[in-house]
Amino acid sequence: MSDQSSLAPANARAPLPSVDRVLAAEAAQIASERHGRTATVAAVRAALSELRPAWLSGVELDVSPERIAAAASLRLEADERPSQRRVLNLTGTVLHTNLGRALLAEEAIAAVVAAMRSPTALEFNLSGGARGERDDHVRGLLRELTGAEDAVAVNNNAAAVLLTLNSLSDGRETIVSRGELIEIGGAFRMPSIMSRAGARLVEVGTTNRTHLADYADAIGPATALLMKVHPSNYRIEGFTKEVTARELAPVARERGVPLVDDLGSGVLVDLTTWGLQRERTVQEAVADGADLVTFSGDKLLGGPQAGVVVGRRDLVRRLAKNHLKRALRLDKLRLAGLEATLRLYRDPDRLAERLPTLALLTRPAEKLKRLAERFRPSLEGAIGSQFSVATVDLESQIGSGALPLASIPSAGLAIEALSGGGGALTRLSAAMRALATPIIGRIADDRLLLDLRGLDDEAEFGRSLFELGLAAGAEGRP
Ligand SMILES: *Cc1c(COP(=O)(O)O)cnc(C)c1O
């Protein structure tokens, strides 16, 4: 090419077609019916301007209207995919905060869908015909299941802690052990939440050791609360001393200062029933004498995102009356999902069948290993001879700060790159993320690991592997 600025090169190649000519092509007609004319025109313009620089520089290109219409149509299909779309969580972390934590039970899904479709008795007392309180829908169940006197539900557990501190400790002191000033990913740092809530943090003890006397000595006229925080995502080991909520409760009662126990994960059943490690339940926290207990709805409880505070009636009433509650309250959809999830706990024997998160956590590793064996040939076929695939034993985590150091024996597939250098695995994991239903694994020790404990849909995994093979073929990967 001698003259790159010329729109009519000397070798008289076919010119780029006009937008109208592309729109007349069959693929564009079909796209227009499916996505509307406006979006299709925009996609055709975009496809044309993407081609123009290469065409101007003289690269041999298929610039037929059909070809450009097809490109525009692919672009429209890709744009049509929801941004928040389903993925296959093969990370090995079952309750993955970045992947949306707990999967809802069918009963909860049905309740949410029903609440979406119709007016509901959200804040309407059907027996009296008067205005009701939205938390009434879960209060009874929460009282029954936890043994607490009263309950409120809010947006998440961070909100539950914020509301508790603001309602009971605004401008006053809350005493916390230095060993429990946690940060839980993202922007949840206990000291920051405290200052946002207006509470003055009084740290007691040291990072590894806190004694009962440390709490007792710190209580003064400005003390509003004693607080225990579950060290959700770490553990202090070695020369340590922690004061349990049960030990702290008598001191709290004697000195007339309420004790708050932030449990994090809202476990309502004995997890050892299913071979999982023991985790203190909400009932136990209430029985140990905490005046308020806070926990999440979408961790081990297995419900929608929510935060719950249960405990002493007079204190819960103060939370419910705080104007912040209005800003932190649950909408009707999540309340419906939470109510339906809690209802399942009335029949604990069937929980592992009905709560998908519990079902995933309790699948035997042996079964996962057989599953991995079954999928290995399709994975090998899809990614080609540049990689090797092995069935491996893995360790899954519950995630979201539940039992941070406990791991569950699991199994899955480990991919190693035989050629292509360190970039090969990164490119493969990017290709997996680009699928219609992305496969999310994790890279560790130069291997891409697909932990099957979190696999909730085997057929979809099969389809995704098939698509991965097609994509590899199209790119000419070996
Ligand atoms: C997870 C957790 C929180 C935050 O809960 P969200 O529901 O994520 O807002 C607070 N405290 C503890 C101890 C936690 O484990």
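Going by what an unreviewed UniProt entry lists, the protein chain is known as L-seryl-tRNA(Sec) selenium transferase and is assigned to Chenggangzhangella methanolivorans. Of the protein chain, the UniProt comment under Function (unreviewed entry) reads exactly: "Converts seryl-tRNA(Sec) to selenocysteinyl-tRNA(Sec) required for selenoprotein biosynthesis." According to the UniProt record, the Catalytic activity (unreviewed entry) comment for the protein chain reads "L-seryl-tRNA(Sec) + selenophosphate + H(+) = L-selenocysteinyl-tRNA(Sec) + phosphate".

## So, empty space enclosed by the protein
Taken as a whole and assessed by the stated rule, the structure comprises 1 cavity of 30 Å³ or more. If you trace the largest cavity, you find it lined by Val267, Val269, Leu271, Leu300, Tyr345, Leu351, Leu355 and Leu358.

## Points about the side chain of aspartate 288
Tracing the backbone through its elements, the reader meets aspartate 288 in the loop between helix 11 (282-287) and strand 7 (292-296). For aspartate 288, a relative accessible area of 14% translates into the label buried.

## Details of the UniProt feature "domain: L-seryl-tRNA selenium transferase N-terminal" (unreviewed entry) in the protein chain
With numbering matched to this structure, UniProt assigns "domain: L-seryl-tRNA selenium transferase N-terminal" (unreviewed entry) to residues 16-52. Helix makes up 86% of residues 16-52 and strand 0%, and the two end C-alpha atoms of the span are 8 Å apart.

## Concerning the packing of helix 7 (residues 157-169) against helix 12 (residues 313-321)
Where helix 7 meets helix 12, the closest approach of the two axes is 9 Å, and the angle between their N-to-C directions is 105 degrees. As the angle between them shows, helix 7 and helix 12 are arranged roughly perpendicular. On the side of helix 7, the interface is formed by Leu163, Thr164, Ser167 and Leu168, while helix 12 contributes Leu315, Arg318 and Leu319. Grouping the constituent residues of the contact of helix 7 with helix 12 by class yields 4 nonpolar, 2 polar and 1 charged.

## Some details on the confidence of the model for the protein chain
Model confidence for the protein chain is summarised by a mean pLDDT of 93, while 94% of its residues fall at 70 or above. Low pLDDT (under 50) marks residues 1-6, which in the prediction has 6 contacts with non-local residues, meaning those over four places away or in another chain.

## Quick notes on the domain arrangement of the protein chain
Under the domain assignment, the protein chain is made up of domain 1 (2-80), domain 2 (88-97 + 359-475) and domain 3 (106-352). Distance from the C-alpha centre of domain 1 to the C-alpha centre of domain 2: 38 Å.

## As for the pattern of salt bridges
In total, this model carries 37 salt bridges according to the counting rule given. Residue arginine 134 pairs with glutamate 123 through a salt bridge whose shortest N-O separation is 2.7 Å. One end of the pair, arginine 134, is in the loop between helix 5 (106-117) and helix 6 (136-146); the other, glutamate 123, is in the loop between helix 5 and helix 6, with 11 residues separating them in the sequence. Here arginine 134 falls in the buried class, since its relative accessible area comes to 9%. Assessed through its relative accessible area of 23%, glutamate 123 is described here as partly exposed. The closest approach of N and O atoms between glutamate 203 and arginine 178, which form a salt bridge, is 3.0 Å. Taken as a pair, glutamate 203 in strand 4 (residues 200-204) and arginine 178 in the loop between strand 3 (173-177) and helix 8 (190-197) lie far apart in primary sequence, 25 residues in all. Residue class for glutamate 203 comes out partly exposed when judged on its relative accessible area of 35%. Arginine 178 gets classed as partly exposed once you look at its relative accessible area, which sits at 38%. Taken together, the shared-partner salt bridges connect Glu133, Asp136, Arg139, Asp150, Arg313 and Arg317 into one network.

What counts as what
Positions within a chain are numbered from 1, following the residues in the order the chain's sequence is written. The model is predicted, so local features are restricted to residues of pLDDT at least 70 and side-chain atom pairs to those at 80 or more, both for listing and for counting; the totals for chains, interfaces and linings are taken over all residues. The side-chain numbers reported here are obtained from all heavy atoms of the structure, hydrogens and water having been left aside. UniProt positions are given in the numbering used here, feature names are shortened, and annotations may be inferred rather than shown by experiment. Here a cavity is any set of points on a 1 Å grid over the protein atoms alone where a 1.4 Å probe fits but cannot get out, and a pocket is any open set with protein on both sides within 12 Å along at least 5 of 7 lines; a residue lines the site when it has an atom within 4 Å of a point. Grid points are joined across faces, edges and corners, and a volume is the space filled by probe spheres set on the points. Think of it this way: any DSSP run of H or I at least four residues long counts as a helix, any run of E at least two long counts as a strand, and we number them from the N terminus. Summary of the burial criterion: residues with accessible area below 20% of their type's maximum are buried, those above 50% are exposed, and those between are partly exposed, where the area comes from a 1.4 Å probe applied to protein chains only. Angles shown run from 0 to 180 degrees and are taken between the N-to-C directions of axes, each axis being a line fitted to C-alpha atoms and, for helices, limited to the stretch in contact. Throughout this description, any angle smaller than 35 degrees is read as roughly parallel, any larger than 145 degrees as roughly antiparallel, any in the 65 to 115 degree range as roughly perpendicular, and the remainder as oblique. The contact criterion used is simple: two residues touch if any of their non-hydrogen atoms lie within 4.5 Å. Gly falls in the polar group here, along with every residue not listed as nonpolar (Ala, Val, Leu, Ile, Met, Phe, Trp, Tyr, Cys, Pro) or charged (Asp, Glu, Lys, Arg). Every residue is assigned a pLDDT by the predictor, reflecting its confidence on a scale from 0 to 100. Note that the domain bounds reflect an automated or database-derived domain assignment. Any Lys or Arg side-chain nitrogen found within 4 Å of a carboxyl oxygen on Asp or Glu counts as a salt bridge.

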